[in-house]
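Chain by chain, the residues run as shown.
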Amino acid sequence: MSSSNYLTFSSRVIQEIFGQDFSTELQSRQNVEQMVDTDGSNPSSAKDSLLHDGTGGKGVISSTKGNIENLFKQHVEDTDGLKPNKSPRTGNPTTTVLLDPILPIRNFIRKQANLPISQHFAKAPPPTDALGELMHQRLKTSLTAMDERESRQNEEGRLGPRITKFDIAAHVGSFVMTSDRLGVTSQCNFGSVRANIALFKGKWHYEIQLGSKGVMQLGWATLNTKFSQEKGVGDTTDSFGYDGNRLRKWNNTTAPYGEAWQVGDIIGCLIDLNEGSIEFYRNGKSLTQAFSNIPRGPGIAYFPAVSLAWGENVVVNFGASPLQFPVHGYLPIQPETPAADNKMHLLFDWLDNSLNLYLHSEDIVNGRSLSREDYQTLLIVTNRIFEFLAPSMNSAFIVEQAFLPFYARTIGLPEKVAIQDEVIIEAPESHVKVNLLLELMWTYLEEAEMKKCIERMCNVFMNCFRSNSLSLSYPFQVYSLRCLIALVENKRSRRYLIHHILFDKIKLTNFMHIRPVDDEILKVLIPNGWWSGKSDSGNAEAEALEYQVACDSIGQHIQAVEEVQMHLLRTLLTNTDGNEKRPSSRSLFLRKFRVHIRDTIRPGSLLQHPLNKALCTFFRILKLTTLLWKEEVEPNENFDLPDLPPKLFYDMTIDYQDAERLGGVANYLFKTHHEEVSRALSIPDYMAGIREGRGSRDTPMPSFFGVQNFTGLTIPIASLSSPSVAVSMEDGASESGTTGFTVSAGNMSTAVTELSSHAAIDTTSIRESESVGVGVSTSPSVPNPVNTLNQTLNFFIEETFRGGSQTPQVGFIRSPAALTTVSHTENVPDLRTASATSSAEDMTSSVPRMNALIAGTTSGTNLMIPMYDFPADTAIRLLPGGFLGFSTYDRTGIRPNNPATSLVGRDAGTMDPQTSIRELLDDTVMIYSCGVKKHVEKIVSLRRNTEEYVRALERARGELKRPSITEVEKIEVEKSIEVFSRKLDEQSRHMAWVQSGVFTPERQRLAFQLLKVVLKTLKTGSSQGILFVFVPEFYVTTMIHLTWLILTQFHPTVPYTDLLGIDEVMDGVCEFVATHFTDTRVAIADTKDTLTQALCAFVCNRIMLTSLERIPESSKKRMVKALLRPYENRAWAQSNWILVRIWQGNGFGFRYPNSAQARKAFRTKPIQDEFGISSNLPPTPSPILQQLVASVLIDDPRLASNYIHSVLNQLNWAFSEFVGLLQEIHSGANRSDRAYMESRQLKICCTCFELTQSLLRVIEMVIKVSPNVLTDFRRESTESLLYRLCMLVSQVLNRVGNSSGTFAQVMELGISGVENITYFPIMSAVAGIIVSLLETELDKDEPSSLIVTKALLQEPSFQITSLNFLLGKSQSANTPEILRFSLGSYVPEDVTQEEIEHLEEVLQHVANWAPRLEADNESISDDDVCTICYAYPKSVTFKPCNHRSCRSCILHHLLNRGECFFCKGIIEQVVADDGLTIHDINATSPDSESETTVSSADQYM
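How each quantity is defined
Residues numbered from 1 in each chain as written. Predicted model: local features only at pLDDT ≥ 70, side-chain atom pairs only at ≥ 80, totals over all residues. Heavy atoms only, no water. Helix = DSSP H or I, 4+ residues; strand = E, 2+ residues; numbered from the N terminus. Buried < 20%, exposed > 50% of the residue type's maximum accessible area, 1.4 Å probe, protein only. Contact = heavy atoms within 4.5 Å. Areas by Shrake-Rupley, 256 points an atom, 1.4 Å probe, with all protein chains shown as cover. Salt bridge = Lys/Arg side-chain N within 4 Å of Asp/Glu carboxyl O. Pairing = 2+ DSSP bridges. Axes fitted to C-alpha atoms, helices over the stretch in contact; angles between N-to-C directions. Parallel < 35°, antiparallel > 145°, perpendicular 65-115°, else oblique. Nonpolar A, V, L, I, M, F, W, Y, C, P; charged D, E, K, R; others polar. Expected span 1.5 Å × (residues − 1). pLDDT = per-residue confidence, 0-100. Phe/Tyr/Trp six-rings, centres within 6.5 Å; stacked < 30°, edge-to-face > 60°. Core = buried A, V, L, I, M, F, W, Y, C linked by side-chain atoms within 4.5 Å. Patch = residues over 30% accessible without salt bridge, like charges linked within 9 Å, V, L, I, M, F, W, Y side chains within 5 Å. Lys, Arg positive; Asp, Glu negative; His and termini not counted. Charge placed at Lys NZ, Arg CZ, Asp CG, Glu CD. Disulfide = S-S within 2.5 Å.

What follows concerns the overall build of the protein. In terms of helices and strands, the protein carries 45 helices and 31 strands. Here the protein holds 1501 residues, and the buried ones make up 56% of them. Excluding contacts between residues fewer than 6 apart, the proportion of contacts in the protein whose partners are at least 24 apart in sequence is 74%. Accessible area for the protein stands at about 61,900 Å²; split by element, carbon and sulfur atoms hold 50% of it.

Below, the structure written as structure tokens:
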């Protein structure tokens, strides 16, 4: 028989892959096999059988042109690693896969490998697999006797299973472990856990990669070690540990040892049981021998063990993967067969030669192009190589030890990177070779094998990336990123990584982080730190220049790594790899990324990642957003960001999941504001049925049975009003393997479907009909899918057109209608690509629109919801859970109350660039709000600590210059200076990192651009009226925190003044906050509080206060009116704080920024620390806002009256509570159990004291800027307010202004927790009120003109001695020093001499008039005296009961109650003796008119 009848291999290909000897021997074996064959038939060539499989599918091996991608023009385009597809070694591929051009080759290879010789291929018996046998022989001979001997040695000296991991039965405390039980995180105070292997002989080594750098003790323990949550590794005599946090070694006792460890360090734990010693390594560097002469002998074996404090985490490598820093002579604890290493290297050499042949298959110029026979041989050899590779690729050790070095070579990287290596940053323009390798692996490996291999590769990349960098070039990080980029540039690998790895198993945010280099590297780079004021010598400039050069070098290296990270992100966001059935990588990325933010970045998330990683991710994605917008949408030079139209928040283009909106829960908002949403989206009202009586707001339409687990089946709606239907299955089945259907629209007005069965559809017949076409024939020989569908879903149809009427009749179905089928016609569109993930372009139609009903809610119960008009050819798709969506309708018509339709047009095919980039930008806003701001505050605290050390150093230097300093003091001060300088050196190095890598000018510009976008979005949303409620609440918090980031948190070397347009943006932020902190559309309490706190912060910052003063007058007036609303029934402390801050600096003795005793007392804190607000901030008075307050109070008497009345009410309450608590504290202090006094009681007491101060200061401001509101009796309620104020001021003076009362006694006790309760804060505020009230009456002589003086002196509780206490008068000589008080003693630091002189004039004025006014009161007869107070004459009459009292008593009484003192009847009127009606119950309620006045400026204020 001719040799041409047999498959022969190309000697050229075999020789180039395996070598000449291999080629010669293979040829000899094939010749022998052909001679043994006795079959004389002469079938068609076996080679021809490689080209066809009987289906007409022609293989690509016959092609003489094209590129490597022609090899894989198969189902790869339609498979993205998301669904299981059969590989060549598992059986027939599924019938739904398109014809595979190289499937015949795969089938042949499979048969060659698995079928016995007796079976025939084509018509000739296939020869014995000489190629496979010879390859196997060569691989076997690669194993040496030494390898086998070393493999046996690995098993000696150890007891336990071969796979080493942590023993879940041998731990103390709570831990979270990874699935492989190699990663462990402590969830207890101090827990310990050991491995499942014991060692009694030999030299062993394992490694621990640190995920944190806190208190941990790592090392060895015996079986007898008794752990507890107080005792861990090394705390007993039979355990040995190392702690790099405290720099100690532990074995019952402790001693100094080792180096300080950092996150990412790899700690090597070595034990020599032959010599009895233990040693530790850090990143491959020996820390010297830690212990010697450890116990050994019978019954003693050592276990690897770790002890971790709360939150600490480590990943251990016992040998499952190659050790990062192996030590000669020591073996990994988990044995691995060294023979595998030699075998794999040989296989990868063959594979590398094969890849080179593929790459040069078209090299005709150099004579290296492949012939038909060469190409066949190459495909078969490739499959054979992967047949040998596949079993070994299941080992993580093999993947890391052998495959990854080969993988790195194909990229152009070294096989392994060392600590000091310089990895080339610039990646090649394309990874042709590695892409070919990955495509071959996807083709020839089992799908599960390939996915597992990718997962293991990513694990190695992640561990390498997390390694602590000992070089500023970041070799480990760049190496990992380069390898990962090459992997994601392969389409199938990228899609699988996005869908299953980068957001589920190995977090992408880990690859976005750049950790600071090791401290030792920083010391080498910056030997001498620098800070402002370090030295006054002539070398100061040179030191500063050297420091800046080092900062620039750090910045350049960080920038280089950032570029590689940006390359990775850009590749993951590829938007050109989607088609009509499959989403692009960008669509997959956005979908997974949003869930990732919710699950790992948002505070409180179960899997929350460290905040520093969120910060890096935020800036990387924000920068990429600017680049994508510039390249794909709007070219610009400023790298502008896209705008975010508020429509995104309610048209469901973006899935906000459970994010809170400003107005509350989204479902409620869509139901409440359906009319506004419909008008904004230009669609009919989607809840119109409610007005027609077919539902309620809670249940828009009657519910019906849900449908379970269906996606993809298409049924035209036209069939629901006619006796025909077209059915087809879609290619895009769900990942869970479920199927469904889609209903297409036709000539009908309204259709109602009710699903009465929960059984699943048998779609076997439907699948079988796919290859025939979309239409399903009714021929008996073809299974009818509609009949099957009918049996399980039991559709019920009701004709809604009665008598030709075009008015839709909506209701439940009363009678079933049979469904029949028709063949596919041009009237029924091809629905194979119609799905809920179709692109918007595919869904656009100009066909006239009809009405329909769509089902869909996010709950388990489906609702029949009235739908708007849609095109007649619209297909409605049934989604998992029973939701219905659209397949051919424009995205602008999405039903906002139908969550299923939120997927329409955003997944399949190429995403719209504008929509996708806007969604990416929206993600960055969410990231900043969720995880970035806290890390920024942590970084800023480092800078503040540095500034504090600088101030401490300056004070110490000043002490050295003090002439009276003693020698002993000088020595101590010099030691302090040394400590401060050393600490500043260390912190300045860290600040160099912050300056160069965190707070850079580029990042400041990006943050500023984002702030502008967020501000514009909020303003635009607010202008849309009630639709503002749909804005997510995190937009408000992001705007406020970005403002502070730019103004105060960036490094001083990046001044905000360099930003173009910063003033306009700050003005816009201030205006938004000022006009929305009381906006009724904001329903979320936390958001309201955030806006109010922001306004509090603005008035404490001179920059923002200036911006507040620049906003439009109308906006300022709205803000002031909101602040002056009555304090009842609302949280008033923050509003009061704002008024105090705009006054601080102008009040009597109210200019202090800080004080060791008196000044620190005023610290009312309704403001959170996150805004940097402190009572110690310098005063920031605002005369502009003060005058505006005066204008509002003067122009609106009712508002002024209500506001002052509410302030006096709160003052009365706060001071009364304060006095009551003081009495309780005083009583408790005299008991024997004084030490057990509740700290909560002390805090409440201090809070009431501070509130009293702040209320007094507001009253002082009101009197100072608008005295008429309390002195002009022509204004309503002015007289009563003045008398009440005098009463409260007198009460404060009486209770505080003496040296023997409860106040003084508590001060004398010196109780810890009430140090802030002192005389000055409250007495200075009272003095300010008295001076402001009486200063206009100092020059008057007529009693009738002394309105305030008379009101004060006529107050029954007023005592002149309490007033004299302000200046230290009327104090006993025996008064203790701590209780002596005089405002004059605070001159000049807190009170000016002019203020003291003015106060003295006021006191003298009161003293002069007191006898004269008292004489007038003494002349009152007993019959005319008021029987309530017995101080003033009766001067008013109550109507209708005609009882009488003095004006003061009734006015005070009416402020709280409306009943008569005597008869308890309702007082309708109060008439004075001069005929003036001072109270009328029938008058218009001041509160209602006041509220009308305030709200008239804006309907939402």
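Past the structure itself, the notes keep going.
Under the counting rule described, the total for this entry stands at 37 salt bridges. Arg620 is the salt-bridge partner of Glu562, the closest N and O atoms lying 3.5 Å from each other. Of this pair, Glu562 sits in helix H16 (residues 540-572) while Arg620 sits in helix H18 (residues 611-632), placing them 58 residues apart in sequence. The same class applies to Glu562 and to Arg620, which are both buried.

Turning to the environment of Thr410, a few remarks are in order. Structurally, Thr410 can be placed in helix H9 (residues 396-411). In this structure Thr410 comes out as buried when scored by relative accessible area, which is 10%. The sequence separation of Thr410 and Leu355 amounts to 55 residues, and the corresponding C-alpha distance is 9.3 Å. The residues contacting Thr410, other than those within four sequence positions of it, are Leu355, Lys433, Val434 and Leu437.

Further remarks concern the sheet that holds strand E31 (residues 1477-1480). The strand order across the open sheet built from four strands is E29-E28-E30-E31, with neighbouring strands paired in antiparallel fashion. Of all strands in the sheet, those with a lone pairing partner are strand E29 (1444-1445) and E31, marking the two edges.

One can find His1405 in helix H43 (residues 1393-1418). Excluding its chain neighbours within four sequence positions, the residues that come into contact with His1405 are Glu1337, Leu1338, Leu1346 and Thr1349.

Here the focus is the packing of helix H38 (residues 1278-1296) against helix H44 (residues 1447-1454). For the pair H38 and H44, the least separation of the axes is 9 Å and the interaxial angle reads 90°. Between H38 and H44, the angle is such that the two are roughly perpendicular. Contacts from Glu1279, Ser1280, Tyr1283, Arg1284 and Met1287 in H38 reach Arg1447, Ser1448, Leu1451 and His1452 in H44. Split by residue class, the contact of H38 with H44 holds three nonpolar, three polar and three charged.

Moving on to unusual backbone geometry. A cis amide bond links Val1387 to the next residue, Pro1388, at an omega of 5°. Following the sequence through the fold, Pro1388 ends up in the loop between helix H42 (1360-1364) and H43. With an omega dihedral of 15°, the bond running from Lys1439 to Pro1440 counts as a cis peptide bond. Backbone geometry at Asn293 places phi at a positive 55°, although glycine is not the residue there. The topology assignment puts Asn293 in the loop between strand E14 (285-292) and strand E15 (302-309). Phi is positive for Tyr474, close to 50°, though the residue is something other than glycine. Along the chain, Tyr474 falls in the loop between helix H11 (447-466) and helix H12 (475-488).

This next bit is on helix H31 (residues 1102-1110). Turning to H31, its buried residues are Met1104, Leu1105, Ser1107, Leu1108 and Glu1109. As for H31, its buried residues are in contact with helix H28 (1034-1049), helix H29 (1062-1076), helix H30 (1085-1100), helix H32 (1113-1123) and helix H34 (1183-1195).

Of the strand pairs in this sheet, strand E9 (residues 239-243) and strand E10 (residues 248-251) are connected by three bridges, and their pairing is antiparallel. Counted as the bridge partner of Tyr242 is Lys249 from E10. Between E9 and E10, which follow one another and run antiparallel, lie four residues, and Leu247 among them has a positive phi close to 55°. Taken together, the four bridges between E10 and strand E11 (residues 253-256) define a ladder with antiparallel strand orientation. Following the sheet pairing, Arg248 is matched in E11 by Pro256. Remark: one residue form the turn of the hairpin made by E10 and E11, two consecutive strands paired antiparallel; Asn252 in that turn has positive phi of roughly 70°.

Here H30 is 16 residues long and its end C-alpha atoms lie 23 Å apart, about the 22 Å a rise of 1.5 Å per residue gives. For H30, the tally of buried residues reaches 12 of 16 residues, placing the bulk of the element in the interior. Among the residues of H30, Thr1087, Thr1090, Leu1091, Thr1092, Gln1093, Ala1094, Leu1095, Cys1096, Ala1097, Phe1098, Val1099 and Cys1100 are the ones counted as buried. Where H30 is buried, its residues touch H28, H29, H31, H32 and helix H33 (1133-1143).

On average, the protein scores 74 in pLDDT, and the residues at 70 or more come to 71%. The secondary structure element of the protein with the lowest average pLDDT is strand E18 (residues 703-704), at 27, and the one with the highest is H29, at 95. Here residues 1-5 scores under 50 on pLDDT; set against residues more than four positions off or in separate chains, the count is 12 contacts. Low pLDDT, under 50, characterises residues 694-906; the predicted model gives this stretch 482 contacts beyond four residues in sequence or across chains.

Inspection of the entire model under this criterion finds 50 aromatic pairs. Ring centres 5.4 Å apart and planes at 40° place the aromatic pair Tyr206 and Phe318 in the tilted group. Taken together, the positions of Tyr206 in strand E7 (residues 203-210) and Phe318 in the loop between strand E16 (313-317) and strand E17 (331-332) put the pair 112 residues apart, joining distant regions of the chain. Side by side, Tyr206 and Phe318 carry an identical accessibility label, which is buried. Each member of the aromatic cluster is reached from another via a ring pair, and the members are Phe1215, Phe1218, Phe1249, Phe1303, Tyr1319, Phe1320, Phe1365, Phe1381 and Tyr1386.

Moving on, we come to the packing of H30 against H31. Contact geometry of H30 with H31 gives a least axis separation of 5 Å together with a crossing angle of 105°. With respect to each other, H30 and H31 are oriented roughly perpendicular. Two secondary-structure elements touch here, H30 through Leu1095, Phe1098, Val1099 and Cys1100 and H31 through Arg1102, Met1104, Leu1105 and Leu1108. Among the residues forming the contact of H30 with H31, the class breakdown is seven nonpolar, no polar and one charged.

Right, let's get into the nonpolar core. Looking at soluble globular proteins, one finds that nonpolar side chains tend to be buried together. Membership of the largest hydrophobic core comes to 303 residues, with the highest contact counts inside it found for Phe403, Tyr407 and Phe589. Tallying contributions element by element places helix H35 (residues 1197-1229) first for this core, with 15 residues. Those residues in contact with Phe403, other than ones at most four positions away along the chain, are Phe348, Met393, Ile398, Leu437, Met441, Cys453 and Met457. Counting 36 residues, the second-largest nonpolar core is a separate cluster that includes Cys269, Ile278, Ile294 and Val314.

Here we come to a negative patch on the surface. Residues Asp1339, Asp1341, Glu1342, Glu1394, Glu1397, Glu1400 and Glu1401 make up a contiguous surface patch of negative charge. Here Glu1394 falls in the exposed class, since its relative accessible area comes to 57%.

Counting through the fold element by element, His205 comes out in strand E7. Separated by 128 residues in sequence, His205 and Ile333 place their C-alpha atoms 6.3 Å apart. Leave out the neighbours within four places in its chain, and His205 touches Gly268, Cys269, Leu270, Leu323, Phe325, Pro326, Val327, Tyr330, Leu331, Pro332 and Ile333.

Tracing the backbone shows Ser467 in the loop between H11 and H12. By relative accessible area, which is 4% here, Ser467 ends up buried. Taking the C-alpha atoms as reference, Ser467 lies 9.4 Å from Arg515; in sequence the two are 48 residues apart.

Let us look at the state of the cysteines. Following the criterion strictly, the structure yields zero disulfides and no others. Summary of cysteine pairing: Cys1441 is not part of a disulfide, and the nearest cysteine sulfur, belonging to Cys1460, is at 3.7 Å. The class for Cys1441 is partly exposed, based on a relative accessible area of 26%. For Cys1460, which is in no disulfide, the shortest distance to another cysteine sulfur is to Cys1463 and amounts to 3.7 Å. Relative accessible area serves as the criterion here: at 1%, Cys1460 is assigned to the buried category.

For the rest of this paragraph, the subject is the pairing of strand E30 (residues 1469-1472). Relative to E30, strand E28 (residues 1436-1439) runs antiparallel, the two being bridged by four bridges. Looking at E30, one finds that Thr1437 is bridged to Val1471. For E30 and E31, the ladder comprises three bridges, and the chain directions are antiparallel. Its bridge partner being in E31, Gln1469 is matched across the sheet by Asp1480.

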